[in-house]
Amino acid sequence: PRTYGRSITEADCTAEDGTWVTFHSYLEILDAANTEAKCTTAAAADSRNKISWMALRSDETAASDKMCVVQAPVLDCTDAPWTRVNHNGNSPDAAGNASRYDSTLPHFASGTDKRCVMRLRYNITTDDYDPFNTDSNSNQNIQEGIVSPIEQNPLVDVGASGRPLRLALNTNQYGRTFQDRTHAYRMLPRTTAMAGKLIHNLNVRGKRGNIVQTYPAVEYDFIPNRATISTEDLVHIQWTGSNSHNNQPNGGDGQTGDAGEGKGGTDRSNFLESRVR
């Protein structure tokens, strides 16, 4: 039977007399390319993916374990764009864009429909304490002699004749996950008419209301803000409105209300063609 140890590195696993097994992540398996020769042909025809005749686990060594695998792309691990503290996404982008990450959609060599999931997390990190060695064991417990590294609205000595200064610190605003959203969607293969054409994705961000009512979001805006599109390009218009959104008391961080045209609780986004001046 297979068992799993505590080790997270190959060296530690070996020290425990265990067997280190490597798992390979992948986009899809090309069932039609069921021989090494067919898989090699598929790999030569696809310049966007790495396609290999291989097994999915390093401990699967039989010839029957191998298959035509479209390997997952290399993870993009990079720093988030710099923003001012509590500046709600504005960044020093020269074009005036809000902070963003431009992702590349995967290419599925099989040309079949795919159900995909995107998970977005908005995390706050802090250097007010050691984030790697601080957990519930650090919660203040005077009887046990444990002093928490952070404190709600602490009093600090600033040397002003023994008069302490109270700092406005909310421990709920330290390292945490603020938002965690998961979206499911389908990716469809291009039609013959779409072959070789550039597709622009047009979205809407924000919500209905004036700048105070929408805070900490923003008033409606198109994403991208500006796009240069030729007559040969395609535009994928992708947004939804609402017939029953509710920004009544309590309105959250902003004020209540939904200033704008139309029946309260509804929102719509429109675009129109205009003459070139």
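Basis of the calculations
- Residues numbered from 1 in each chain as written.
- Predicted model: local features only at pLDDT ≥ 70, side-chain atom pairs only at ≥ 80, totals over all residues.
- Heavy atoms only, no water.
- Pairing = 2+ DSSP bridges.
- Helix = DSSP H or I, 4+ residues; strand = E, 2+ residues; numbered from the N terminus.
- Axes fitted to C-alpha atoms, helices over the stretch in contact; angles between N-to-C directions.
- Polar contact = N/O pair within 3.5 Å; in protein donor to acceptor, adjacent residues only side chain to side chain.
- Contact = heavy atoms within 4.5 Å.
- Disulfide = S-S within 2.5 Å.
- Buried < 20%, exposed > 50% of the residue type's maximum accessible area, 1.4 Å probe, protein only.

## Section: the sheet that holds strand S9 (residues 221-223)
Taken in spatial order, the three strands of this open sheet run S9-S8-S10, and their pairing is mixed. Either end of the sheet is taken by a strand with one partner, and the two such strands are S9 and strand S10 (234-237). On average, each strand axis in the sheet is inclined to that of its neighbour by 30°, with strand direction left out of account. Note: strand S8 (residues 199-205) against S9, three bridges, orientation antiparallel. By the bridge assignment for S9, Arg 205 is matched with Asp 221.

## Focus on the side chain of Glu 28
Position of Glu 28 relative to the elements: it lies in strand S1 (residues 26-29). Of note is the side chain of Glu 28, whose polar atom sits 2.6 Å from the side chain of Ser 110. With residues near it in sequence (within four places) discarded, Glu 28 still touches Cys 68, Val 69, Val 70, Phe 108, Ala 109, Ser 110, Thr 112 and Lys 114.

## Let's talk about the state of the cysteines
Summed over the entire model, instances satisfying the criterion amount to one disulfide. In this model, Cys 39 is linked to Cys 68 through a disulfide, with the two sulfur atoms separated by 2.2 Å. Linking Cys 39 and Cys 68, the disulfide has an S-S dihedral of approximately 80° and is accordingly described as right-handed. On the criterion of sequence distance, the pair formed by Cys 39 in helix H2 (residues 36-44) and Cys 68 in strand S3 (residues 67-71) is long-range, its members being 29 residues apart. Owing to a relative accessible area of 2%, Cys 39 belongs among the buried residues under this scheme.

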